Amino acid sequence: MFRLFVLLCSLVTGVIHAEVIVTDATVRLLPPGVPNTAAYFSIQNSSDTTQILIGASADFATKAEIHNHIMVNDMMRMEQQSEVVIKSGQTVQFAPGGLHIMLFGLKQPLSEGESVAISLQTKDGESIIISAKVAGPSVHKHH
Ligand SMILES: [Cu+2]
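Reference entry: report on the structure contained in this document. All of these numbers come straight from a predicted model, not from anything done at the bench. (Residues numbered from 1 in each chain as written. Predicted model: local features only at pLDDT ≥ 70, side-chain atom pairs only at ≥ 80, totals over all residues.)

Digging into the overall build of the chain
Heads up, the rule is: Secondary structure elements follow DSSP: runs of H or I of four or more residues count as helices, runs of E of two or more count as strands, with numbering from the N terminus. With C-beta atoms placed from the backbone, a residue counts as buried when 20 or more other C-beta atoms lie within 10 Å of its own, as exposed when 12 or fewer do, and as partly exposed for counts between those limits.
Helix and strand counts for the chain stand at one helix and 10 strands. If you list the helices and strands of the chain from N to C, you get α-β-β-β-β-β-β-β-β-β-β. Across the 143 residues that make up the chain, the buried fraction comes to 21%.

Some thoughts on the environment of L30
Mapping L30 onto the fold places it in the loop between β1 (20-28) and β2 (37-45). A count of 17 C-beta atoms within 10 Å places L30 in the partly exposed class.

Overview of the pairing of β2
Test applied: Paired strands, in this sense, are two strands between which DSSP finds at least two bridges.
Note: β1 against β2, six bridges, orientation antiparallel. Counterpart to T26 in the pairing with β2 is Y40. Summarising the sheet, β2 and strand β8 (residues 100-106) pair through three bridges and their orientation is antiparallel. Each bridged residue has a counterpart across the sheet, and for A38 the counterpart in β8 is M102. Here β2 runs beside strand β7 (residues 91-94); their pairing, made up of four bridges, is antiparallel. For S42, the partnering residue across the bridge sits in β7 and is Q93.

What follows is the structure in structure tokens.
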């Protein structure tokens, strides 16, 4: 009963956020036994107002955080972001080597081609539910 209620709520917030468009959402498939992975997507703000992402969650992971890669003393490091600001009309890329949703402690093994739901929280207290496809590392091959 509780689950159904949550699902209905997410459908409603999905309508409210129809002007925030998430495309190409993927979760990186890693070898079995690797507990953490990352999600990537492109998020476009077609609304009239600035949207600020402040967090993420996913049923299939213990914890989800917004991360970015930054250079510290010539070393690439990941750092949690407390906010990601997306201005009206702007598109922000979550991509390997940059912003990503870090997914800690996978509760179940993911399989290639599977769709998983990730929820993004905005500063105004709403959730954007995205559907991400599990994809092997070949999708993000280095050149
Ligand atoms: Cu990370």
